Structures are given as structure tokens and as C-alpha cells.
Amino acid sequence: MIDISPELTTILMMGLILLGVLTGFPLAVPIGGVGVIFGFLLFGTGSIEMISGRVFSLVTNYTLLAVPAFIFMGGMLEHSGIAEKMYDALYLWLGGLRGGLAIITVLIGTIMAACVGVIAASITMLAMVALPAMLTRGYDKGLASGSVVAGGCLGILIPPSIMLVIYGPMAWISVGKLFMAAFFPGFTLSALYCAYIAIRSYLQPQIAPSIPPQERKMPFLKKTILLITSMAPTAILIMAVLGVIFLGIAAPTEASATGAFVATLLAIVYRRFNFNVLKETAIATLKLTSMILLIGSCAFAFVGVFLSAGCGNVVEELILSAPGGRWGAFTSVMLVVFLLGFFIDWIGILFIVVPIISPLAPALGFDPLWFAMMICVNLQMSFMTPPFAPGIFFLRGTVSKELGVTMGDIIRGVIPFIILVIIGLALCVIFPQIILWLPAQMIK
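Numbering of residues starts from 1 in every chain and runs along the sequence as written. Residue-level local features of this predicted model are given only where pLDDT is at least 70; pairs of side-chain atoms are given and counted only at 80 or more, and the full residue set underlies all totals for whole chains, interfaces and linings. The basis for every side-chain value is the complete set of heavy atoms in the structure, and neither hydrogens nor water enter the calculation.

## Overview of the overall build of the protein chain
Then comes step 1: For the protein chain, the count of helices and strands is 21 helices and 0 strands.
Then comes step 2: Taking 2.2 N^0.38 as the reference for a compact globule, 444 residues should give roughly 22 Å; the C-alpha atoms of the protein chain span a radius of gyration of 22 Å, in line with that estimate.
Then comes step 3: Overall size of the protein chain, expressed as C-alpha extent along the three principal axes, is 75 × 45 × 45 Å.
Then comes step 4: We call a residue buried when its accessible area falls under 20% of the maximum for its residue type, exposed when it is over 50%, and partly exposed in between, using a 1.4 Å probe and counting protein chains only. A total of 444 residues make up the protein chain; the buried ones form 56% of that total.
Then comes step 5: A separation threshold of at least 6 residues defines the contact pool for the protein chain, and within that pool the share at least 24 residues apart is 82%.
Then comes step 6: Within the protein chain, one finds 20 positive and 16 negative side-chain charges whose respective centroids are separated by 17 Å. Strands here mean DSSP runs of E at least two residues long; helices mean DSSP runs of H or I at least four residues long; both are numbered from the N terminus. The globule rule used for comparison is 2.2 Å times the number of residues to the exponent 0.38, while the radius of gyration itself is calculated over C-alpha atoms. Here, residues are in contact when the closest pair of their heavy atoms is within 4.5 Å. Asp and Glu are treated as the negative residues and Lys and Arg as the positive ones, with His and the ends of the chain left uncounted. Every charge is mapped onto a representative atom, which is NZ of Lys, CZ of Arg, CG of Asp or CD of Glu.

## Section: helix α10 (residues 175-203)
Then comes step 1: Helices are assigned an expected span. That span is 1.5 Å times one less than the residue count. Spanning 29 residues, α10 covers 42 Å between terminal C-alpha atoms, matching the ideal 42 Å at 1.5 Å per step.
Then comes step 2: The largest bend in α10 comes to about 30°, at A182, with the proline P185 one to four residues further on.
Then comes step 3: As used in this structure description, the phrase polar contact means that two N or O atoms lie within 3.5 Å; if the pair is within protein, one of them must be able to donate a hydrogen and the other to accept it, and residues adjacent in sequence are counted only when both atoms belong to side chains. The distance from a side-chain oxygen at the start of α10 to the backbone nitrogen of G176 is 3.2 Å, and the residue carrying that oxygen is S174. Here the bend at each residue means the angle between axes fitted to two seven-residue stretches, the one ending at that residue and the one beginning there.

## Side note on unusual backbone geometry
Then comes step 1: Residue P160 follows P159 across a cis peptide bond; omega there is 5°.
Then comes step 2: If you trace the backbone, P160 turns up in the loop between α8 (141-153) and α9 (162-171).
Then comes step 3: One non-glycine residue with positive phi stands out, namely W172, at about 55°.
Then comes step 4: With phi around 60°, R271 is a residue other than glycine that occupies positive phi space.
Then comes step 5: Checked against the element boundaries, R271 lands in the loop between α12 (252-269) and α13 (275-308).
Then comes step 6: The exposure class of R271 is exposed, given its relative accessible area of 78%.

Structural data, given as C-alpha cells:
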């Protein structure tokens, strides 16, 4: 065992993780490796029991059972064809507006966010359904790509969100309350996105032309019926999951199982269910769940050593000493989370950062639920900020080469939406009830 100061330990452990990530290693390797090595250096063989105990507590956490169920639900909905039907219905209603197709893309992303919970499925669906429709009608590639990425990324914020399921146990906050707290921030971002598209399309009509009336010609009654029938399955699924949580009937874990079952029924009703769909969805669920638990286990080991070495106190003192009082400290936390999003996956950020900074919320006089949701909204930017930017790469990997969309087009398109997330954060600071009102209405 060696004797080094907590300050030096903090610098070494965080620096080595960043170095490991920048050199291209999978996130779990540097996190787990640094945690185990420093555990032996600082605490000897006694670290084995501490690390194994923390890993065991994570993988046996009952709340995290909701993770594979929500992933399965999202995968089954991806195959059900619901997104295509909603897009066709909204196309008839909003296609005549300048920028109408981009607004529809954000709205579909918002609606599917309440059903899917992971951005990969949302962005893939929008890239296949909405992006070709926009580009073939003369939309600017940047605006079209940005709308797909921003709308799809709402799937990780608006519940049922995998991010919130993971965040709850890390910060000892009810996942049900996190779900309710995320609704209005998610809708606020969606409204900001739509407003931006509408205003820019009005000022620059050539980048988002309206659709000719002859392409949207259909009797009013028929359009209304089509809209209702396309939205009804989604409403049923949302009530099956989020309704029972809000009414206090079931916890998120049980509700996730209900959602997976209802999503499977919808795929059967739409005649999209077969053995291959079930196999693909199950394998995708297994892969993503395994990745989350692997990174989580390694991060839990790292955090256990980090906190036991007194590094948590170093971080806390550093943040609390920031100029500007509690708002200066809060700004420092937001800035750190934002910068980490350039290099580290959101899963790693949650498992590493949340256990360390969560105790700061009451120390700074902030509501822990509000503080948690501000971090989750902040993480929306991590999906759109290169070089990591999973939202950008999901779109780049899905879009057809025939459409001619480049990485530069996508990055140019997402920059305004990153700025809109910052505006959304500012609104939640000015009006905290955007986050806190709905959880207060929950039936306990």
C-alpha cells in the first residue's frame, strides 16, 4: 500500500480515465482498470471485498430490472411501424407549413420518446421515415439532419427513459418522480425546437418549403380518423407505462414489464411480429443491457475506491469554493458535465459523476430532484457535441448514402439545437416549477 494525498489521487484517477478514453479504449476498460489498480495500491487486498460488494449491489438492484424491459419495449416498437403511421397522419395536417416536415419530425420524436426510452431506436426510425421525405422535397440538409438528431435525442429524456432508470438508484431518488419531473423539461425543449424551425423557415423559406396542397388533399373527416387511429396505440402504451406510475398503481420496474408486453401486442396487431423480430429485439436488448451493466459495474468499483480515498471530499470542496456562491458552484457542475459529454458516454458520466456530486445538492440548498433533472437536461447536449456525439453517429450510420448527407451537414445542423438546450436549462433555472410541479401531483 502507498500513502498519497487525496488531491493527487483525484488528479491521477480522473486523468488516467480521460487518457484511456482518448486513446480509444472501451469506456469500461479504463474505468475498471483504474479503480482496481488504485484499490490495490491504496487499500491492498481489502479492496477486493469493497469492489465486489459494490458490483454485487449494482447488478442485483431491483430498480434496474426496468432497463432490459424498456429496451425491449423500444425495440419492439421500432419494428411495429407506429412511427410511419403517425408521420403519414401528421404530414397531411402540417405539411403545408414552411418547415412543417421538420416540425413533424420533432413532434414524432417527442411522441416516440414517451414510448421508446433510447435514442438509437428514435434516431433510426426518424432517419428512415422523415429524413428522405424532407430532403426529396428540397429541405436544407443541415436543418433536416439537426431536426432528426434533436428530435431523436428527446428519447433519452422524456420518460420512460433508460437514463432516468439508471440515475435514480445512483442518487437515491425515486425513478417514478424522475419520470414525472422529466415531462415538462422534455416538452419545453420540443417546443423550443419547433419554434426555432418555424421562425427560421419563415425567414429563409428556401431551406424548408411547404408541401403543395395536391400532395395533401384528403377529406377532413378521413384525415381526422387517420390521425386518431395512428395516435391511439401510442396513447395506450403511454398510459400502460406512465399512467400506472403517476396514479401510484405500479412502480417503474413493474410498469416496464407492462410496457414490453403492450409493445409486443401492438407489433402483433400491426402484423409486424414474427420470430426474426423477436430474435433481433431480444439480442439487441441483451447487448445493450450487458453494456450498461458492464460499464456500471466498472464505474461502481471506481467510485468506491475514489470515495474511500477521500477524493469525493476534494471534489466537493473544489466545487463549493467556486466564486459566485451556490450558483457559481452549480454553474461549475453544469460545466463539468457539459465538458465530459465531449469525451465520455452518458452512461459513464452517470455512473461516475452522479454518486460524487449528488450530495452537493442539499449542501448547496437545491432540491435534489431539480438538481438531478438539470443534469439530465444538460446531458442532452452530450448526444450532439463531437467528438463523441452518439446522436450524430447514429444518424450518420443510418442515413442512405444516396441522400448525400455529410458529417459536416449533420454537425452544422445540430449546433442551433445545442444552443436551444442551453436556453432550456436557463428556463428551468428561472422557472423551477417546470421540473417540480408534476411530481408534486403524483398519487402516492
